[in-house]
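# Structural description and commentary
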Amino acid sequence: MKTPLAPGAAIGIMGGGQLGRMLAMAAARLGYRTVILEPQAECPAAQVAGRHIAAPYDDNEALERLADACDVVTYEFENVPVGAARLLNERVPVFPPPEALEFSQDRLEEKIFLNSTGLSTAPFFSVDKDADVTRGLARFDGNGVLKTRRFGYDGKGQHVFRGASVEEAKGVCAAMGGRSLILEGFVPFEREISVIAVRGRDGSMASYDPAENIHRNGILHRSIVPARISPQTEEAARTAAFALMAALGYVGVIGVEFFVMADGSLIANEFAPRVHNSGHWTEAACRVSQFEQHIRAVAGLPLGSTTRHANCIMTNLLGREQDEAPALLSEPDVVLHLYGKREARQGRKMGHYTRLFPLGDKSPA
């Protein structure tokens, strides 16, 4: 492994949202400067980073400025243009590797890749026209979720079919923008979990305890740790995450989401090549947060402990829910993090809080 970045080195972050903000804060604790590339002028990360390049992600001149200013570059969301990441990678190391970004941006290619590494997924069907939807629904008994292959998140870009007829498939592709789609069949899972794992530049790997995730309207509502799963399922989830990172030649933190079946087996849902919302609890309940782990990994530092000192429930604050902050701060076992966003729109993630419980509690759920 090359010599780790020395204190005072600069880490570039593509993306200026709350994840970039928390990465910049973690980098500062380790003595690193951060440079944010983000089109939005008043983004959350710019409030805490050393420098902000306000330009589109595919602006070649801005990318040159970012490369000139940084010793390594990372990103905080998976819709960064792959071409931009590849261009940067010619000048400065980019972690996680652009290949991971490319797979994660296309749900069809992602499912194919997950299968190639030995992970099971829900059944899926490539869709380009309404007739493909009809054929796919015939295979899935009229049930499934039609999703855009690219740029969907937090439940956006989806259409759910339940016992659908042929008539219901008519015009659906046009209604979803005429884009390439994927139809995914339902699986009878008992709960959803995620594993936050990390791989260093030297190939060392570590993971946090799996979190049990509860969604509302397609948006993560709560992450509960420990998850209500068996030790065997927990070990299988860790092993799958490690196999995925090894196959990608990965560096950094990754979030891998699974469905847990009645027999404890796992169905991989998706992976995010970045720090993940379901790992926010680590900043309150672990010695080293997922954000510090990511900075350690991309900087070539030793990975930190993933030991947990408390059980916990992390809850997202959406829109005006951030107004609950004073009441939450009055509770002795709550750790609050607000993101500094100016406009509290409905469904927008404005912050999160983590409520801590003694380790002796079997599960706080």
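Residues numbered from 1 in each chain as written. Predicted model: local features only at pLDDT ≥ 70, side-chain atom pairs only at ≥ 80, totals over all residues. Heavy atoms only, no water.

### Notes on the overall build of the protein chain
Tallying secondary structure elements over the protein chain gives 12 helices and 17 strands in all. On C-alpha atoms alone, the protein chain measures out to a radius of gyration of 20 Å, which is about the 21 Å that the 2.2 N^0.38 rule sets for 365 residues. Long-range pairs, those at least 24 residues apart, make up 62% of the contacts in the protein chain between residues at least 6 apart in sequence. In the form shown here, the protein chain has an accessible surface area of approximately 15300 Å², with 49% of it arising from carbon and sulfur atoms. In the protein chain, which carries 39 positive and 43 negative side-chain charges, the distance between the mean positions of the two groups comes to 2 Å. (Helix = DSSP H or I, 4+ residues; strand = E, 2+ residues; numbered from the N terminus. Rg over C-alpha atoms; globule rule 2.2 N^0.38 Å. Contact = heavy atoms within 4.5 Å. Areas by Shrake-Rupley, 256 points an atom, 1.4 Å probe, with all protein chains shown as cover. Lys, Arg positive; Asp, Glu negative; His and termini not counted. Charge placed at Lys NZ, Arg CZ, Asp CG, Glu CD.)

### Comments concerning the sheet that holds strand 1 (residues 10-14)
On the basis of which strands lie adjacent, the open sheet formed by four strands has the order 3-2-1-4 and parallel pairing. The open sheet has two edge strands, strand 3 (51-53) and strand 4 (72-75), and neither has a second partner. Across this sheet, the average inter-strand angle for adjacent strands is 25 degrees, counted without regard to direction. Where strand 2 (residues 33-37) meets strand 3, three bridges bridge the pair, whose relative direction is parallel. (Pairing = 2+ DSSP bridges. Axes fitted to C-alpha atoms, helices over the stretch in contact; angles between N-to-C directions.)

### Here we look at the pattern of salt bridges
Under the definition given, this model contains 23 salt bridges. Across the salt bridge formed by Asp209 and Arg308, the nearest N and O atoms sit 2.9 Å from each other. One end of the pair, Asp209, is in the loop between strand 10 (205-207) and strand 11 (211-216); the other, Arg308, is in the loop between helix 11 (290-299) and strand 15 (311-318), and 99 residues separate them in sequence. Judged by relative accessible area, which is 15%, Arg308 ranks as buried. (Salt bridge = Lys/Arg side-chain N within 4 Å of Asp/Glu carboxyl O. Buried < 20%, exposed > 50% of the residue type's maximum accessible area, 1.4 Å probe, protein only.)

### A look at the side chain of Ser278
One can find Ser278 in the loop between strand 14 (266-272) and helix 10 (282-285). By relative accessible area, which is 1% here, Ser278 ends up buried. Within the structure, Ser278 has its side chain in polar contact with the side chain of Ser194 (distance 2.7 Å). Not counting chain neighbours up to four residues away, the residues in contact with Ser278 comprise Ser194, Ile196, Ala211, Asn213, Leu220 and Ser223. (Polar contact = N/O pair within 3.5 Å; in protein donor to acceptor, adjacent residues only side chain to side chain.)

### A look at the packing of helix 2 (residues 60-69) against helix 3 (residues 82-89)
Look at helix 2 against helix 3: their axes get within 10 Å of each other, and the N-to-C directions meet at 40 degrees. What the angle tells us is that helix 2 and helix 3 run oblique. Two packed elements cross with a definite hand, and for helix 2 against helix 3 that hand is right-handed. Where helix 2 abuts helix 3, its residues Asn60, Leu63, Leu66 and Ala67 lie against Ala84, Leu87 and Leu88. (Parallel < 35°, antiparallel > 145°, perpendicular 65-115°, else oblique. Left-handed = near helix turned anticlockwise from the far one by under 90°.)

### Remarks on the sheet that holds strand 5 (residues 124-127)
Strand order in this open sheet of four strands is 5-8-6-7, and the pairing throughout is antiparallel. With partners counted over all chains shown, the strands left at the sheet margins are strand 5 and strand 7 (158-161), one partner each. Here the average twist between neighbouring strands, direction ignored, is 20 degrees. As paired strands, strand 5 and strand 8 (residues 181-184) are joined by four bridges and run antiparallel to one another. Residue pairing for strand 8: Val127 is matched across the bridge by Leu181. Contacting strand 5, strand 6 (144-148), strand 7 and strand 8, helix 6 (residues 130-139) runs over the sheet at an angle of about 170 degrees to strand 5.

### Regarding the pairing of strand 14
Counted residue by residue, strand 14 has six buried out of seven residues, so it is predominantly covered. As defined by bridge partners, strand 13 (residues 252-260) adjoins strand 14 across six bridges and the pair is classed as antiparallel. Paired with Phe258 across the two strands is Ala268, which belongs to strand 14. Where strand 13 hands over to strand 14, the hairpin turn is made up of five residues, of which Gly264 adopts a positive phi near 90 degrees.

### Points about the environment of Phe291
In this fold, Phe291 is placed in helix 11. With relative accessibility at 2%, the residue Phe291 sits in the buried group. For the pair Phe291 and Arg355, spaced 64 residues apart in the sequence, the C-alpha separation amounts to 19 Å. Beyond its immediate stretch of four places on either side in the chain, Phe291 contacts Leu19, Met22, Leu23, Ala26, Val275 and His280.

Honestly, it's all geometry; don't read function into it.
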